[in-house]
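Below, each chain spelled out in residue letters.
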Number of protein chains: 2
Amino acid sequence: MSMKTGEVEVEATGLQVLSKAQAQLPFNIRAHNMPTEAIGLKHRYLQLRYPHLQRNLRLRSQVSKRISDYLQDIHGFVNVNTPTLTRHTSGGSHLFIVPYAAGSSAANVPPPANKCESVNGINAKSTFKSNSGDSRINSSSVLNISSSSSNVRNNDDSGSNSAISIESESMSKYYCLAQSPQTYKQLLMMGGLDKYYQFAVCYRDEKGTPERQPEFMQVDLEMSDVTAEEVQRLVEGMLQYSWPEDCNGGPTPETPFPVMTYSAAMKHYGSDKPDTRFQWLLQDAAAALQEARCGGITALQELISHPQGTATAFVVPTGQKHLSKSACESWNSLASREHGLGGVSVCHVRQDGSLKGSQLATQLNRTGGAKQLLASLGAVPGDTVVVALGPESNVLSCMGKLRLLAAAELEATGVFVRNKQELRFVWVVDFPLFEPGEDGSSLVSVHHPFTQPHPHDAHLLDTDPLKVRSQHYDLVCNGCEVGGGSVRIHDPEMQQRVLGILQLPPGDLQYFVDALAMGTPPHAGIALGFDRLVSLMCGSESIREVIAFPKNSQGHCTMSGAPSDISRELKQRYSIKENS
Amino acid sequence: MSMKTGEVEVEATGLQVLSKAQAQLPFNIRAHNMPTEAIGLKHRYLQLRYPHLQRNLRLRSQVSKRISDYLQDIHGFVNVNTPTLTRHTSGGSHLFIVPYAAGSSAANVPPPANKCESVNGINAKSTFKSNSGDSRINSSSVLNISSSSSNVRNNDDSGSNSAISIESESMSKYYCLAQSPQTYKQLLMMGGLDKYYQFAVCYRDEKGTPERQPEFMQVDLEMSDVTAEEVQRLVEGMLQYSWPEDCNGGPTPETPFPVMTYSAAMKHYGSDKPDTRFQWLLQDAAAALQEARCGGITALQELISHPQGTATAFVVPTGQKHLSKSACESWNSLASREHGLGGVSVCHVRQDGSLKGSQLATQLNRTGGAKQLLASLGAVPGDTVVVALGPESNVLSCMGKLRLLAAAELEATGVFVRNKQELRFVWVVDFPLFEPGEDGSSLVSVHHPFTQPHPHDAHLLDTDPLKVRSQHYDLVCNGCEVGGGSVRIHDPEMQQRVLGILQLPPGDLQYFVDALAMGTPPHAGIALGFDRLVSLMCGSESIREVIAFPKNSQGHCTMSGAPSDISRELKQRYSIKENS
């Protein structure tokens, strides 16, 4: 046979069909024929045949291998698996609970043989069993026999354990699926494992979003005797080392990553997750507005009456041409609905330097303040100036959101704002340690209660706790939080003090405070959201594109039908009400 | 300062205390001062400072890294993480269930900010929150915004999904913690990921033993277009490659590992997990006893009346001197209590070749059959011959157990039987595909319903299913099951047929049978119990010695107090009865 491309000619003499596929598939694997997410997830095994998902999963695998190579081979980290079945601590409403029945009398049935490859449910005795009677015999291996004595001793000791009461076997008990290995990795530092890492599966009982799944993966690490900067340099090196070559997210990022304080991020980007791929920074407009003799403007008067009041603006270049009227109106309602503001003022800059598009625009034209404002903001004709007045925290967070919406709006009309290939990492530091709780009087941790206060601010802990900065650091990329970590509290007295300020129930973490007192090296660490990191590298819109079998946005697996109802017997076993 | 060993002299000019330890610790870390398991586990962070646990965890980390290097760098496997929150299939009584409340209306509260390093429970809104109002704003990142449209589409499609009904949000639903990634890894083969591996956390709702934990780790792998032998060679290479140098389990094992059929293992070792470090093989004694004209012995008559009847013996060298009378008596009661036998006969061989120690011994002396029996078994004066009569399966499993007990008995008196440093791997193959269920009439899988029948036996599926061998293989070491795998069914008709024979509810696995029909390559795989493998390498008696934070034999973590009771509110959220 004459072939253009092939060098090898194969002459078939026979054909054996190893496996057949049905003629009609739910969808054909063609680049022009992408199934909807619902259809794709239902037949995920088919969808995985698409080249982009093949690439994503292989790239994910490659990156995780490189991260292991870097941490373990180059830096001597120890890969330790910590439990996912952990203690439930009070107040957790977004954690999965797991009833544990094996310890209860109701569940006093012999365990099935411990087969390595068994399958959920369907190897249970009621349907089919694993070696039945033999299993007890076979499992009496040498290991079992030789350690039976220590086993008995352990049972006795548990019963006399004074600090942790082992209650009657008929009481139901509950594990909790770990939200992170935080306490365990700190306990590892106390245990002398001075460089720990793990690809940890973490759980949260909440609906899926493009960025969230009920279970997700973290690159989790902790080190003894290091500074925050040393952890940051390590992570930068790790990302450089593991950066894939055929990466949609562009070239290997340059290090070190820039550092931005929390207050600067809030001030300039209106977010602690600044998207630094484009400017359009928030700017203080209060001085310019006051100089512009806008005293007659009601909103400005209102602003001045607030002690925390501010006026903030950002400039959208060429906004006049590209921002639709409906978009600007939706911002106004968003500002009042979600941020408690009176609204925002959108002012388009005419060719003659006058403003239009809002009441504020008209007023500034009238008082002659438009010119001063534009000069201070650096706005030119054709631009749009967005101004908001009100309490500072409301204004900043609202304007941070509008900045992103404005960018998306311009991009939707084809204007270049952000380089989608580019990944802009930034460290955000000096977060506050506490913030007001929902009841207004209590304090809550901005991150978690193990974060070390900033050494310059520790003296304010009792007098002005909201002013205390923490030694927490976030790694942010393109407006997403990719990771977060901190220098931890290693002094039991400081830990007790922080728990006291937070008014957390003392019992839950007493064992941890006790452990800190037994000789704890100073330590720090970080956790990176691995799904999100890989989705950034792949240029994927959702972490579901880098997970083999993700749940849908409802947290369901439509392929297998999970979660599902369970039998009446099983509900009885776990004391769950029927028809609840 | 004059120092014997040091080459470097350090002159301290100051001292800064970074961290203090309390004077009295629960126990001091000294080689001569090992805490009981209960005390050790309660203060695991202290116990981890012992050199042997430091070594075990570091060795575990090193072995897992080498396994990844081998599979991924050398053999091109793709590391894929499969879900642990899976569908519950009917009949599973040893699986953890996980109520999923995020999808129900009762749990309709906004999620907290998605912090990477949060801690179980204690970052919930009721105690302290993560960025409160800001979180909604901040999480509206670019990813969120750009994919909101696909999100909406997904919701719509889910509602119209005909095969999987998405029920009212007020219904409680349940995940199940995966017992293994079995179905997922097969689905990956269907998805074109032709070489998959994963260090998978697996779950079983049962009490801990030295070999078992509620959560444990498997090295899980699957390949397309391979034979059972190719999987076995790959695993042998993996173990050779990853074998640690400073290993208590002796030198790197030689490969290939010997292969033994299930029937040979049962016949010679009375176990499908043969400990091949010592002989003392079970031998058929029926012919010798019959030739010895023992027709008058009641037990032998009884034996002959059973169609499956057998007489089996094994020889304990020097048993006469080292086996205590009480041990032999306990075997007798074990044989009747656990194996439904009339008992076992223990016959010590006198210097003159006559027997003593049991009724059978006296009878054999009388009929003159002792000599023939000893000759056929190869027993010499001073040895002990253990004989059991009865139905074959009962006798073999009982004798397999007694063989191990006899070895432990001799070792306890200081006799060398097994080299504790040695690891003797063996592949056990040709298992039966089915065995009788507990009700006597139904059939159950010996391993799982995805195992391919042996090609020579497939014609017996309908006529004599108990005779059908499977293409399953177990990796056994020193009497422990280290791993198990099989060639899988890839033909949907065969899969449907096997599920039909097992009378499994058709709904649970219909999606899987449907998936098989969409073009499935022939595939095979295996899973190794990683905790157990490492404990063999470390020479540890229990897998708890190679796990950082294990549960105790009750399945509890006495350090943190897990599992624990949960609040009334939480029980309401999950429809769990109060005071159950």
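Rules behind the numbers
- Residues numbered from 1 in each chain as written.
- Chains lettered and ligands numbered in written order.
- Predicted model: local features only at pLDDT ≥ 70, side-chain atom pairs only at ≥ 80, totals over all residues.
- Heavy atoms only, no water.
- Helix = DSSP H or I, 4+ residues; strand = E, 2+ residues; numbered from the N terminus.
- Buried < 20%, exposed > 50% of the residue type's maximum accessible area, 1.4 Å probe, protein only.
- Contact = heavy atoms within 4.5 Å.
- Areas by Shrake-Rupley, 256 points an atom, 1.4 Å probe, with all protein chains shown as cover.
- Core = buried A, V, L, I, M, F, W, Y, C linked by side-chain atoms within 4.5 Å.
- Pairing = 2+ DSSP bridges.
- Salt bridge = Lys/Arg side-chain N within 4 Å of Asp/Glu carboxyl O.
- Phe/Tyr/Trp six-rings, centres within 6.5 Å; stacked < 30°, edge-to-face > 60°.
- Lys NZ or Arg CZ within 6 Å of the ring centre and 35° of its normal.
- pLDDT = per-residue confidence, 0-100.
- Axes fitted to C-alpha atoms, helices over the stretch in contact; angles between N-to-C directions.
- Parallel < 35°, antiparallel > 145°, perpendicular 65-115°, else oblique.
- Left-handed = near helix turned anticlockwise from the far one by under 90°.
- Nonpolar A, V, L, I, M, F, W, Y, C, P; charged D, E, K, R; others polar.
- Expected span 1.5 Å × (residues − 1).
- Disulfide = S-S within 2.5 Å.

> Explanation requested: the overall build of chain A in the structure shown.
Counting its secondary structure elements, chain A contains 20 helices and 18 strands. Here chain A holds 580 residues, and the buried ones make up 61% of them. In chain A, once contacts between residues fewer than 6 apart in sequence are set aside, the share between residues at least 24 apart is 70%. Accessible surface, chain A as shown: approximately 22,700 Å² in total, 51% of it carbon and sulfur.

> It is not clear to me how the nonpolar core should be interpreted in this structure. Could you clarify?
Soluble globular proteins tend to pack their nonpolar side chains together in the buried interior. With 97 residues, the main nonpolar core has A:L177, A:L187, A:L188, B:L177, B:L187 and B:L188 as its most contacted residues. The element best represented in this core is helix α18 (residues 506-516) of chain A, accounting for 6 residues. Contact partners of A:L187, with chain neighbours within four places excluded, come to A:Y511, A:F512, A:A515, B:Y45, B:F549 and B:M559.

> Please clarify how the sheet that holds strand β12 (residues 384-391) of chain A should be interpreted in this entry.
Strands pair in a sheet through their backbones, by hydrogen bonds, and they do so in one of two ways: parallel or antiparallel. Residue and element names in this part refer to chain A. Strand order in the open sheet made by the 5 strands is β8-β9-β12-β10-β11, with antiparallel pairing throughout. The open sheet has two edge strands, β8 (283-284) and β11 (355-356), and neither has a second partner. Pairing of strand β9 (residues 309-316) with β12 involves 8 bridges; the strand directions are antiparallel. From the neighbouring strand, F314 faces β12, where its bridge partner is V386.

> Got a minute to help me understand the pattern of salt bridges in this structure?
Any two side chains of opposite charge can pair, given that their charged atoms come close. For the structure shown, the criterion picks out 52 salt bridges over all chains. A salt bridge links A:D275 to A:R418, with the shortest nitrogen-to-oxygen separation between them at 3.2 Å. Of this pair, A:D275 sits in the loop between α9 (262-269) and β8 while A:R418 sits in the loop between α16 (392-412) and β13 (425-429); the two residues are 143 residues apart in sequence, bridging distant segments of the chain. Given a relative accessible area of 2%, A:D275 falls into the buried group. The salt bridge partner of B:E222 is B:K185, with a shortest N-O separation of 3.5 Å. One end of the pair, B:E222, is in strand β6 (residues 215-224); the other, B:K185, is in helix α7 (residues 182-190), with 37 residues separating them in the sequence. A single network of salt bridges, built from pairs that share partners, joins A:K65, A:D69, A:D73, B:K65, B:D69 and B:D73.

> Could you clarify how one ought to interpret the packing of aromatic side chains in this entry?
Geometrically, a pair of aromatic rings is defined through the distance of the ring centres and the angle of the planes. What the rule picks out here adds up to 34 aromatic pairs over all chains. Between A:Y100 and B:F96, the ring centres sit 6.0 Å apart and the planes meet at 25 degrees, which makes this aromatic pair stacked. Note that A:Y100 is positioned in strand β3 (residues 97-100) and B:F96 in the loop between β2 (85-86) and β3 (97-100), a pairing that runs across two chains. Geometrically, the ring pair formed by A:W243 and A:F425 is edge-to-face, given 6.1 Å between the ring centres and 80 degrees between the ring planes. Taken together, the residues span a long stretch of sequence, with A:W243 in the loop between α8 (228-242) and β7 (259-261) and A:F425 in strand β13 at a distance of 182 residues. When sorted by exposure, A:W243 lands in the same class as A:F425, which is buried. The ring of A:Y241 has A:R66 lying over it, and the distance from NZ or CZ to the ring centre is 4.1 Å.

> Please clarify how the side chain of B:H454 should be interpreted in this entry.
Position of B:H454 among the secondary structure elements: in the loop between β15 (443-445) and β16 (472-477). If near-sequence neighbours (up to four positions away) are discounted, B:H454 is found in contact with B:D430, B:R469, B:S470 and B:Q471.

> Which parts of the structure should I look at to understand the confidence of the model for chain A?
With 82% of its residues at a pLDDT of 70 or more, chain A shows a mean pLDDT of 85. Contacts from residues 105-116 of chain A, a stretch scored under 50 in pLDDT, to residues over four places away or in other chains number 40 contacts.

> Please explain the sheet that holds strand β4 (residues 173-177) of chain A as it appears in this structure.
Residues and elements named next belong to chain A. What the 3 strands build is an open sheet, ordered β2-β4-β3; its pairing is antiparallel. The open sheet terminates on both sides in strands that have one partner only, identified here as β2 (85-87) and β3. When strand polarity is set aside, the average angle formed by the axes of neighbouring strands in this sheet is 50 degrees. Both β3 and β4 contribute to a ladder of 4 bridges, which runs antiparallel. The partner of I97 across the bridge, within β4, is C176.

> Would you mind showing me how to read the environment of A:Y174 here?
Looking at the secondary structure, you find A:Y174 in strand β4. Along the sequence, A:Y174 and A:P99 sit 75 residues apart, while their C-alpha atoms lie 4.4 Å from each other. Beyond its immediate stretch of four places on either side in the chain, A:Y174 contacts A:I97, A:V98, A:P99, B:P563, B:S564, B:D565, B:I566, B:K571 and B:I576.

> Explain the packing of helix α17 (residues 492-502) of chain A against α18(A) here, please?
If you want to describe how two helices pack, look at the angle between their axes and the distance between the axes. All names here are of chain A. Relative orientation of the contacting elements α17 and α18 amounts to 155 degrees, with a least axis distance of 8 Å. Regarding the angle of α17 to α18, the classification is roughly antiparallel. Contacts between α17 and α18 involve P492, Q495, Q496 and L499 on the former and, on the latter, L509, Q510, F512, V513 and L516.

> When you look at the packing of helix α13 (residues 325-339) of chain B against helix α16 (residues 392-412) of chain B in this model, what are you seeing that I'm missing?
All names here are of chain B. One can describe the packing of α13 onto α16 by two numbers: an axis separation of 10 Å at closest approach and a directional angle of 150 degrees. When the axis of α13 is compared with that of α16, the two are roughly antiparallel. You can see that α13 and α16 cross each other, and the crossing is right-handed. Contacts from A327, W331, L334, A335, E338 and H339 in α13 reach N394, S397, C398, K401, L402, L405, A406 and E409 in α16. Classifying every residue of the contact of α13 with α16 gives 8 nonpolar, 3 polar and 3 charged.

> What's the story with helix α3 (residues 51-74) of chain A in this structure? I'm lost.
Side chains of residues three or four places apart in an α-helix project in the same direction, reflecting 3.6 residues per turn. The terminal C-alpha atoms of α3(A), which comprises 24 residues, lie 33 Å apart, in line with the 34 Å expected from a rise of 1.5 Å per residue. The positive-phi residue at the C-terminal boundary of α3(A) is A:G76, with phi of around 70 degrees.

> Please explain unusual backbone geometry as it appears in this structure.
As a rule of thumb, non-glycine residues mostly have phi less than zero, and peptide bonds are mostly trans rather than cis. All names here are of chain A. The amide bond that connects T255 to the next residue, P256, takes the cis arrangement and shows omega of -5 degrees. Following the sequence through the fold, P256 ends up in the loop between α8 and β7. Despite not being glycine, D225 shows a phi value in the positive range, around 60 degrees. Structurally, D225 can be placed in the loop between β6 (215-224) and α8.

> Looking at this structure, how should I read helix α8 (residues 228-242) of chain B?
Over its 15 residues, α8(B) runs 21 Å from end to end, which matches the ideal 21 Å to within 8%, given 1.5 Å per residue. Within the span of α8(B), buried status applies to B:A228, B:V231, B:Q232, B:L234, B:V235, B:E236, B:G237, B:M238, B:L239 and B:S242.

> What should I look at first to understand the pairing of strand β17 (residues 480-487) of chain A in this one?
The side chains of a regular strand alternate between both faces of the sheet. Residues and elements named next belong to chain A. Burial analysis of β17 places 8 of its 8 residues in the buried class, the great majority of the element. Relative to β17, strand β16 (residues 472-477) runs antiparallel, the two being bridged by 6 bridges. Residue pairing across strands places D474 opposite G484, the latter belonging to β17. Counted along the chain from β16 to the antiparallel partner β17, the turn is 2 residues long, and its residue N478 has a positive phi close to 55 degrees. Sheet topology note: the β17/strand β18 (residues 523-529) ladder contains 5 bridges and is antiparallel. When the bridges of β18 are listed, S486 appears paired with G525.

> Would you mind showing me how to read the state of the cysteines here?
Each disulfide consists of one covalent bond between the sulfur atoms belonging to two cysteines. All names here are of chain A. Under the defined criterion, the tally for this structure stands at 0 disulfides over all chains. Left without a disulfide partner, C480 is nearest to the cysteine sulfur of C477, which lies 7.2 Å away. Look at C480 and you get buried, because its relative accessible area is 2%.

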